[in-house]
Amino acid sequence: MKLIASFMLPAFFGSAAIAASISPHHGAKNQIASCTFTGSTGFDLLSKRSSSCQDIILSDLQVPAGVTLNLDKLNPGTSVTFTGKTTFPFVSAGWAGPLLSISSSSKLTIRGLPSSLLHGSGESYWDGLGQKGPITKPKFFQVHNLVDSVIEGITIFNAPVQVFSINGCKNLTLNGVTVNNKAGDGDWNAGKGGRNTDAFDIGSSTDVRIEGAQVWNQDDCVAINSGTNITFRNGLCSGGHGLSIGSVGGRSDNTVQNVLFENSVIANSENGARIKTNYGTTGIVSNITYRDVTLQNITKYGIVVDQSYSPPTKNAPPTNGVPITGFTLVNVTGNVLPTGTNIFVNCGDGSCKEWEWKEVDVKGGKKSSKCLRVPSGASC
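Residues numbered from 1 in each chain as written. Predicted model: local features only at pLDDT ≥ 70, side-chain atom pairs only at ≥ 80, totals over all residues. Heavy atoms only, no water.

### Quick word on the state of the cysteines
- Under the defined criterion, the tally for this structure stands at four disulfides.
- Shown here is the disulfide that connects Cys35 with Cys53, its sulfur atoms set 2.0 Å apart. Given an S-S torsion of about -95 degrees, the disulfide between Cys35 and Cys53 has left-handed geometry. Of this pair, Cys35 sits in strand 1 (residues 32-38) while Cys53 sits in strand 2 (residues 53-61); the two residues are 18 residues apart in sequence, bridging distant segments of the chain. As far as burial versus exposure is concerned, Cys35 and Cys53 are alike and both buried.
- Paired through a disulfide, Cys347 and Cys352 show a sulfur-sulfur distance of 2.1 Å. (Disulfide = S-S within 2.5 Å. Helix = DSSP H or I, 4+ residues; strand = E, 2+ residues; numbered from the N terminus. Buried < 20%, exposed > 50% of the residue type's maximum accessible area, 1.4 Å probe, protein only.)

Here you go:
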């Protein structure tokens, strides 16, 4: 027999009222089916009661300055729903974050309702210097060791630096996520604007799907440093550094395999399609595909492969410790601004093989005279 009850916590809990129904839940006796946490007092209650809630609703939550909204180790099958505006205040002395962590669990559903947003107060941190500025800026959303989980409809607004850190995840879907750092566009030389605001940094993860993302930022839209079976589809990337593999090499995990970027637009960005491997390191990059990708007003490189990333000295030659094999481009088209370069390939000795480029039409910029060791199947 199922027992259902509804109640409200006493008035002294203020705005953090919890409405709940109680039902048995796979061994978690009398687990509350639905809990709503609101405002600043809601945050205080959340850490005490989240483990007893099957469905967590965060409504206009106010997170204290310099504190992580920690939702790690939730019970498998838990759902978390953001409504209204979740705020993470500025810390003048700086701190590393993360602002939000949802890690170490399985079968979670994390969703944002329409018109909800997570506000990172990046406008108060931005100084045009990113991670190298005088104060430490917090990373936003840590997603580590999640299995069989979904993140959908989340809107991130004004991230101080990097947004999603995805690491150690298996079978993770991100659907309809928005990263809105438009206000971070500024003149870095004048000490203004966001920097190092990567939208999705992925490491040591398998079967990650990012569908329908809308990103306005000032660094990589996606940066895959390691992982297998990663898909980014039906997305928009604007203002940043493009869709990137790497940089690969010099980490604890240096393998990137089976990546698909598909049916997406990269606009007003420094780079379009990008693979970067670190100088003098080892690793593997294989089976990378960009299909039906449109470039609009790229400022630096439409397509770039660089095997001398992070060199010890300027103009160091490319190295071959991270071979790039099976690099496929299909219907990658668009324009580069006249000051930019359409395509640049900088490969180490024998380390770029089995490339196949079809229907590649990138124009408007300069033709590079410095391409090195371009493999058959590609052009520069």
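Moving on, there is more to tell.
### Describing the pairing of strand 24 (residues 271-278)
- Burial analysis of strand 24 places eight of its eight residues in the buried class, the great majority of the element.
- Direction of pairing for strand 22 (residues 243-248) relative to strand 24: parallel, over a ladder of four bridges. Its bridge partner being in strand 24, Val248 is matched across the sheet by Thr277.
- Bridge count for strand 24 against strand 26 (residues 301-309) is six bridges, and the pairing is parallel. (Pairing = 2+ DSSP bridges.)

### Notes on the nonpolar core
- Counting residues in each nonpolar core, the largest one holds 86 residues, and the members touching the most others are Phe164, Phe200, Ile245 and Tyr290.
- If you tally residues by element for this core, the top one is strand 25 (residues 284-298), at six residues.
- Discounting residues that sit within four places of it in the chain, Ile245 has contacts with Ile224, Val256, Val259, Phe261, Arg274, Ile275, Lys276, Val285, Ile288 and Tyr290. (Core = buried A, V, L, I, M, F, W, Y, C linked by side-chain atoms within 4.5 Å. Contact = heavy atoms within 4.5 Å.)

### Observations regarding unusual backbone geometry
- Backbone torsion omega between Gly97 and Pro98 reads 5 degrees, so that peptide bond is classified as cis.
- Note on placement: Pro98 falls in the loop between strand 5 (85-87) and strand 6 (100-101).
- The phi angle at Lys107 is positive, at roughly 55 degrees, despite the residue not being glycine.
- Within the element layout of this structure, Lys107 appears in the loop between strand 7 (105-106) and strand 8 (109-112).

### So, the environment of Trp355
- Inspection of the secondary structure assignment puts Trp355 in the loop between strand 29 (352-353) and strand 30 (356-358).
- With 31 residues separating them in the primary sequence, Trp355 and Ile324 have C-alpha atoms 8.7 Å apart.
- Residues in contact with Trp355, not counting those within four places in the same chain, are Val305, Ile324, Gly326, Phe327, Val345, Cys347, Pro375, Ser376, Gly377 and Ala378.

### Here's the deal with the pairing of strand 2
- Bridge analysis of strand 1 against strand 2 gives six bridges, and the strand direction is parallel. Residue pairing in the sheet places Thr36 in a bridge with Ile57 of strand 2.
- The handedness of the strand 1 to strand 2 crossover, carried by helix 1 (residues 39-49), is right-handed.
- Of the strand pairs in this sheet, strand 2 and strand 4 (residues 79-83) are connected by five bridges, and their pairing is parallel. Directly across from Leu58, in strand 4, lies its bridge partner Phe82. (Right-handed = clockwise from strand over helix to strand, strands pointing away.)

### Here we look at the sheet that holds strand 13 (residues 164-167)
- Spatially, 10 strands are ordered 3-6-10-13-16-19-22-24-26-28 in an open sheet, and the strand pairing comes out parallel. Both outer strands of the open sheet, strand 3 (69-70) and strand 28 (341-346), are each paired with one neighbouring strand and no more.

### Looking at the packing of aromatic side chains
- All told, the structure shown has 11 aromatic pairs when counted by the stated rule.
- Judged by centre distance (4.6 Å) and plane angle (35 degrees), the ring pair of Phe261 and Tyr290 falls under tilted. Here Phe261 is found in strand 23 (residues 255-267), whereas its partner Tyr290 is found in strand 25, with 29 residues between them in sequence. Each member of the pair, Phe261 as well as Tyr290, is classed as buried.
- An aromatic cluster is defined as three or more aromatic residues linked by ring pairs; in this entry it consists of Phe232, Phe261, Tyr290, Phe327, Trp355 and Trp357.
- The cationic tip of Lys182 hangs over the ring face of Trp216; the distance from NZ or CZ to the ring centre is 4.3 Å. (Phe/Tyr/Trp six-rings, centres within 6.5 Å; stacked < 30°, edge-to-face > 60°. Lys NZ or Arg CZ within 6 Å of the ring centre and 35° of its normal.)

### Concerning the environment of Val374
- By secondary structure assignment, the location of Val374 is in the segment after strand 31 (361-363).
- Separated by 21 residues in the primary sequence, Val374 and Lys353 have C-alpha atoms spaced 9.1 Å apart.
- Residues within four places of Val374 in sequence aside, it is in contact with Val345, Ser379 and Cys380.

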